[in-house]
Number of protein chains: 2
Amino acid sequence: MKFKRSERLIDMTHYLAERPHQLVPLTFFSERYGSAKSSISEDLTIIKETFEGRGIGIVQTVPGAAGGVKYIPKVNAGEAKEVIEELCQHMESSDRLLPGGYLYMTDLLGNPLLMKKVGKLLASAFAEKEIDVIMTVATKGIPIANAIAAYLNVPVVIVRRDSRVTEGSTVSINYVSGSSKRIQSMVLSKRSLKEGSNVLVVDDFMKAGGTVNGMKNLLEEFSATLSGIGVLVESENAEERLVDDYVSLLKLSDVNEKNKQISLKQGNYFQSNLTFLS
Amino acid sequence: MKFKRSERLIDMTHYLAERPHQLVPLTFFSERYGSAKSSISEDLTIIKETFEGRGIGIVQTVPGAAGGVKYIPKVNAGEAKEVIEELCQHMESSDRLLPGGYLYMTDLLGNPLLMKKVGKLLASAFAEKEIDVIMTVATKGIPIANAIAAYLNVPVVIVRRDSRVTEGSTVSINYVSGSSKRIQSMVLSKRSLKEGSNVLVVDDFMKAGGTVNGMKNLLEEFSATLSGIGVLVESENAEERLVDDYVSLLKLSDVNEKNKQISLKQGNYFQSNLTFLS
């Protein structure tokens, strides 16, 4: 069966979009469609231009026998700004304010379209880093970690507060929560992280950075390397920050419980030295 | 700026794939590309045929002023069989066996490509049901729920074992775990589920069904309706099943701790009355 160019373009777009950061040999496509490699190359040129022009991402072609094509999700600066503004608007509604000045974000973390956007923004920021695995802590970091993982195509490991029989042997550490100064523990299944892995640490909210710092300590136990830190919201009013090199989408600048006002602004996303699609 | 057909096909494919089950008006595309509606209609015919032919899904066009186009992710039977076989192979490796006959599955739940496939299979099974929200229980159900949500485009709500300050007011119930007969509790944030919602309940593993049954009881507290139950693995050797109408991808038929053997077979996926792409 022969495929027309239009069918190939549609199927290749879908195939690449489902498998970001994965090198697909051109022979795979030429066998899939019964087409000459030269036709596949022409298809990929059209896809590359459209992906870059429409803010979908970069299509890299790697020449040679071990070569192929790789889709790298990337955003353009305008889209990133829109998403961050959309997040701000969601977050600033006063009914999110919980007793103690906490913010209710569970609905946003459960919104698949919004999580796709967040995942793509953070995956875009870390696209050039070497990352073997994404680490987060249960429960609220998981949707963000999953969303980034879908765009970086790397596995997620989940650190827990307590150990479970279904995790097998675990490594446990104690750490000091940055803001409340309480001693807490976190646990990671021993087999979930290979020695020497490059790890992106992710969380939904960072105040002083105690939890993120705990994960950094945990990495040492596994002889793993920190590749980066990404958070959805950071709190501006942390007295003493335990973590400095991170990417945040939003910054919580003020919570006024009395007037029920929440103020957010852009995080440091645009200050991080990331490259955008033009 | 005018767009060529090839560029439109690529961008529309990507746009629809990111927004499944969402009605997109044709005017949206005709404005996006500066093209006549008739050209957009022709594009959609090509996309529709390719999506159906390549096992990507169904493209529904709804006529009229409030109409538009909707992408419904669907698998064909061959692809579903392949995914289930791949899962079986992953699961049957003897080093998954944990003390007490438990199975280590955390690595599979953290694998984004595998989770996309699982999510698409289960989203495909429930594509015709009315579903407003997907409910699961922390922690291991979350990646599956997120994966299905990405294909059904509905929010996820997460039931927890304990209540947290960041969840606001909660509703808590007690339930009897089916296999251990212990009394446990589960907690759901009050504002996370609207009254009258149609809910798909999802979990990674089901033995007697105590946890799933607990979630069913929780639905009653919210005057919500059960639309379906989906699990990754069910255990065949449950003496007394508390739940009957569910869809499972795999069935754990035997765990021999002495010989370190794990036997799995297909779940009831193909017996459920779901329609496949031909």
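Not measured: the values here are computed from a predicted model.

### What about the overall build of chain A?
At step 1: Along its length, chain A carries 8 helices and 12 strands.
At step 2: Judged by the C-alpha coordinates and their principal axes, chain A covers about 65 × 45 × 30 Å.
At step 3: Within chain A, buried positions represent 55% of all 278 residues.
At step 4: When contacts within chain A are restricted to residue pairs at least 6 apart in sequence, those whose partners lie at least 24 apart make up 63%.
At step 5: Accessible surface, chain A: about 11800 Å² in total, of which carbon and sulfur atoms supply 45%.

### Things to note about the UniProt feature "domain: Bacterial purine repressor N-terminal" (unreviewed entry) in chain A
At step 1: Per the UniProt record, "domain: Bacterial purine repressor N-terminal" (unreviewed entry) is found at residues 4–73 of chain A.
At step 2: Annotated as residues 4–73 of chain A, this span is 56% helix and 17% strand, and its ends, taken at the C-alpha atoms, are 26 Å apart.

### Some points on the packing of helix H3 (residues 37–53) of chain A against helix H1 (residues 5–18) of chain B
At step 1: Two elements in contact, H3(A) and H1(B), have axes separated by 9 Å at closest approach and are oriented at 65°. In this structure, H3(A) crosses over H1(B), and the sense of that crossing is right-handed. The residues of H1(B) that touch H3(A), namely those facing Ile46(A), Ile47(A), Thr50(A) and Phe51(A), are Ser6(B), Glu7(B), Ile10(B) and Asp11(B).
At step 2: In the contact of H3(A) with H1(B), the residues fall into 4 nonpolar, 2 polar and 2 charged.

### Observations concerning the UniProt feature "domain: Phosphoribosyltransferase" (unreviewed entry) in chain A
At step 1: If you check UniProt for "domain: Phosphoribosyltransferase" (unreviewed entry), the listed places come out as residues 107–265 of chain A in our numbering.
At step 2: Helix and strand shares over residues 107–265 of chain A are 25% and 36% respectively, and the end C-alpha atoms of the span are 20 Å apart.

### Some thoughts on the domain arrangement of chain A
All names here are of chain A.
At step 1: Parsing chain A into structural domains produces domain 1 (5–73) and domain 2 (77–266).
At step 2: Taking only C-alpha atoms into account, the centre of domain 1 sits 33 Å from that of domain 2.
At step 3: Opposite the 9 residues of domain 1 that make contact, domain 2 presents 8 residues.
At step 4: Overall, the association of domain 1 and domain 2 removes approximately 620 Å² of surface from exposure, summing both partners, and the carbon and sulfur fraction of that is 49%.
At step 5: When the buried area of domain 1 at its contact with domain 2 is split by residue, Pro20, His21 and Pro73 rank highest and sum to 67% of it.
At step 6: Taken together, the links from domain 1 to domain 2 amount to 4 residue pairs in polar contact (both at pLDDT 80 or more).

### A few points about helix H7 (residues 142–152) of chain B
All names here are of chain B.
At step 1: With respect to burial, H7 is a largely interior element, 10 of its 11 residues being buried.
At step 2: Among all positions of H7, only Ile142, Pro143, Ile144, Ala145, Asn146, Ala147, Ile148, Ala149, Tyr151 and Leu152 are buried.
At step 3: Phi turns positive, to about 60°, at Asn153, one or two residues after H7.

### Quick word on the sheet that holds strand E12 (residues 261–266) of chain B
All names here are of chain B.
At step 1: What the 6 strands build is an open sheet, ordered E6-E5-E9-E10-E11-E12; its pairing is mixed. The strands lining the two open edges of the sheet, one partner per strand, are strand E6 (156–159) and E12. Within this sheet the neighbouring strands show an average axis-to-axis angle of 25°, counted without direction.
At step 2: Taken strand by strand, helix H8 (residues 210–221) contacts strand E5 (133–137), E6, strand E9 (198–206) and strand E10 (225–235), and its axis lies near 160° from that of E9.

### Here's the deal with the packing of helix H2 (residues 26–33) of chain A against H3(A)
Residues and elements named next belong to chain A.
At step 1: As a packed pair, H2 and H3 sit with axes 9 Å apart at the nearest point and diverge in direction by 110°. Looking at the two axes, H2 sits roughly perpendicular to H3. Side by side, H2 and H3 meet where Leu26, Thr27, Phe29, Ser30 and Tyr33 of the first sit next to Lys37, Ile40, Ser41 and Leu44 of the second.
At step 2: Residues belonging to the contact of H2 with H3 are distributed by class as follows: 5 nonpolar, 3 polar and 1 charged.

### Examining the pairing of strand E7 (residues 170–176) of chain B
Residues and elements named next belong to chain B.
At step 1: The side-chain alternation of E7 yields one buried face, formed by Val171, Ile173 and Tyr175, and one unburied face, formed by Thr170, Ser172, Asn174 and Val176.
At step 2: Two elements, E7 and strand E8 (residues 183–189), share 7 bridges in a ladder whose sense is antiparallel. When the bridges of E8 are listed, Ser172 appears paired with Val187.
At step 3: The antiparallel pairing of E7 with E8 creates a hairpin that spans 6 residues between the two strands, and Lys181 there sits at a positive phi of about 60°.

### Examining the environment of Ala123(A)
All names here are of chain A.
At step 1: Inspection of the secondary structure assignment puts Ala123 in helix H6 (residues 112–125).
At step 2: A sequence separation of 112 residues divides Ala123 from Asp11, and the C-alpha atoms of the two residues are 23 Å apart.
At step 3: Excluding residues within four positions of it along the chain, Ala123 makes contact with Ile148, Tyr151 and Leu152.

### Points about unusual backbone geometry
All names here are of chain A.
At step 1: At the junction of Ala138 and Thr139, the peptide bond is cis and its omega measures out at 5° in the coordinates.
At step 2: In this structure, Thr139 sits in the loop between strand E5 (133–137) and helix H7 (142–152).
At step 3: With a phi angle near 55°, Lys260 is a residue other than glycine that sits in the positive phi range.
At step 4: On the secondary structure map, Lys260 appears in the loop between strand E11 (247–256) and strand E12 (261–266).

### A word on the relation of the copies chain B and chain A
At step 1: When chain B is brought onto chain A, the operation consists of a screw motion whose angular component is 180° and whose axial shift is 0.0 Å, with 0.0 Å RMSD remaining. What we have between these two chains is a two-fold relation. Considering only C-alpha atoms, the part of chain B nearest the rotation axis is Ile10(B), at 2.9 Å.
At step 2: Of all interface residues in chain B, 100% are interface residues in chain A too; the two copies therefore contact each other through one and the same surface.

### A look at the packing of aromatic side chains
At step 1: Under the defined criterion, the tally for this structure stands at 18 aromatic pairs over all chains.
At step 2: Seen in terms of ring centroids, Tyr269(A) and Phe270(A) are 5.5 Å apart; in terms of plane orientation they differ by 90°. Their pairing is edge-to-face.
At step 3: Classification of Tyr269(A) by relative accessible area gives buried; the value is 0%.
At step 4: A connected cluster of aromatic rings, assembled from ring pairs, spans Phe3(A), Tyr15(A), Phe28(A), Phe29(A) and Tyr33(A).
At step 5: One residue, Arg191(A), lies across the ring of Tyr104(B), its end atom 4.4 Å from the ring centre.

### Remarks on the sheet that holds strand E10 (residues 225–235) of chain A
All names here are of chain A.
At step 1: Pairing in this open sheet of 6 strands is mixed, and the strands run E6-E5-E9-E10-E11-E12 from one edge to the other. Of all the strands in the sheet, just strand E6 (156–159) and E12 have a single pairing partner and so form its edges. On average, each strand axis in the sheet is tilted by 25° relative to the strand beside it, whichever way the strands run.
At step 2: In this sheet, strand E9 (residues 198–206) lies alongside E5 in parallel orientation, the contact comprising 3 bridges. Across the sheet, the residue bridging to Ile134 is Leu200, located in E9.
At step 3: Most of the contacts of helix H8 (residues 210–221) go to E9, to which it runs at about 160°, and overall it touches E5, E6, E9 and E10.

Rules used throughout
Residues numbered from 1 in each chain as written. Chains lettered and ligands numbered in written order. Predicted model: local features only at pLDDT ≥ 70, side-chain atom pairs only at ≥ 80, totals over all residues. Heavy atoms only, no water. Helix = DSSP H or I, 4+ residues; strand = E, 2+ residues; numbered from the N terminus. Buried < 20%, exposed > 50% of the residue type's maximum accessible area, 1.4 Å probe, protein only. Contact = heavy atoms within 4.5 Å. Areas by Shrake-Rupley, 256 points an atom, 1.4 Å probe, with all protein chains shown as cover. UniProt positions renumbered as here; feature names shortened; annotations may be inferred. Axes fitted to C-alpha atoms, helices over the stretch in contact; angles between N-to-C directions. Left-handed = near helix turned anticlockwise from the far one by under 90°. Nonpolar A, V, L, I, M, F, W, Y, C, P; charged D, E, K, R; others polar. Domains from an automatic or database assignment. Buried area = accessible area lost by both parts, 1.4 Å probe. Polar contact = N/O pair within 3.5 Å; in protein donor to acceptor, adjacent residues only side chain to side chain. Pairing = 2+ DSSP bridges. Parallel < 35°, antiparallel > 145°, perpendicular 65-115°, else oblique. Least-squares fit on C-alpha atoms with pLDDT ≥ 70 in both. Phe/Tyr/Trp six-rings, centres within 6.5 Å; stacked < 30°, edge-to-face > 60°. Lys NZ or Arg CZ within 6 Å of the ring centre and 35° of its normal.

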